[in-house]
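# Report on the structure
If you want the building blocks of each chain, they are given just below.
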Amino acid sequence: MYTGDESKDSDMMVCPNGKKWDMVIDAIDDVPTKSRLLAHCVRNKIRVISCMGAGGKSDMTRLHISDLRTASRDPLASKLRQTLRKMLKQE
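These lines cover the structure that appears in this document, whether it is placed above or below. (Residues numbered from 1 in each chain as written. Predicted model: local features only at pLDDT ≥ 70, side-chain atom pairs only at ≥ 80, totals over all residues. Heavy atoms only, no water.)

## Observations regarding the overall build of the chain
The secondary structure content of the chain amounts to three helices and two strands. The N-to-C order of helical and strand elements in the chain reads α-β-α-β-α. Split into buried and exposed, the 91 residues of the chain put 27% on the buried side. In the chain, of all internal contacts separated by at least 6 residues, the share reaching a separation of at least 24 is 52%. Here the chain has roughly 7,200 Å² of accessible surface; of this, 55% comes from carbon and sulfur atoms. Side-chain charges in the chain split into 17 positive and 12 negative, and the spacing between the mean points of these groups amounts to 7 Å. (Helix = DSSP H or I, 4+ residues; strand = E, 2+ residues; numbered from the N terminus. Buried < 20%, exposed > 50% of the residue type's maximum accessible area, 1.4 Å probe, protein only. Contact = heavy atoms within 4.5 Å. Areas by Shrake-Rupley, 256 points an atom, 1.4 Å probe, with all protein chains shown as cover. Lys, Arg positive; Asp, Glu negative; His and termini not counted. Charge placed at Lys NZ, Arg CZ, Asp CG, Glu CD.)

As C-alpha cells, this is what we get:
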C-alpha cells in the first residue's frame, strides 16, 4: 500500500525491469498521501486516473470524468487541487 513516505514505500513506484509505468490508477482517500502520489506522477510524466469523492454514491448515471483543473462541487478534488498546487510550486 502506497503511503507517500519514501522510507516505507522504498521502490514501490519503480517499475519492474527498468521500464516506465504507462498509467497509475488511484483510489486513495487521504489528501496528503493522494497529493504525494499525484505529484510523483506529474514529475515523472505518468498518466493518472484518480477517484475523487464518490463515497456512498450509487447512481452511476451521475459519474463525471474530467481534468482535476476543472473539477467542481467535490470537496476532495478542491482540497487536492489546492494541496497539489502548493506542493508542486515549492519545487
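## Comments concerning the side chain of Lys34
Residue position: Lys34 is located in helix H2 (residues 31-43). Engagement of the side chain of Lys34 in a polar contact is seen with the side chain of Ser50, the distance being 3.4 Å. (Polar contact = N/O pair within 3.5 Å; in protein donor to acceptor, adjacent residues only side chain to side chain.)

## Structural notes on the nonpolar core
Among the nonpolar cores identified, the biggest contains seven residues, and these are Tyr2, Met13, Val24, Ile28, Leu37, Cys41 and Ile46. Not counting the four nearest positions on each side in its chain, Ile46 is found in contact with Lys20, Trp21, Met23, Val24, His40 and Cys41. (Core = buried A, V, L, I, M, F, W, Y, C linked by side-chain atoms within 4.5 Å.)

## Notes on the layout of surface pockets
Considering only enclosed or pocket space, the largest pocket measures out at about 1,400 Å³ in volume. If you go around the largest pocket, you meet 33 residues; those closest to its centre are Met52, His64, Ser66, Ala71 and Asp74. Those elements that provide at least two residues to the lining of the largest pocket are H2, strand S2 (47-50) and helix H3 (75-89). If one sorts the elements of the lining of the largest pocket by residue count, H3 sits on top with six residues. Of the voids in this model, the second largest pocket is the one considered here, and its volume is about 240 Å³. (1 Å grid on protein atoms, 1.4 Å probe; cavity = no way out; pocket = protein on both sides within 12 Å on 5 of 7 lines; lining within 4 Å. Points joined across faces, edges and corners; volume = space filled by probe spheres on them.)

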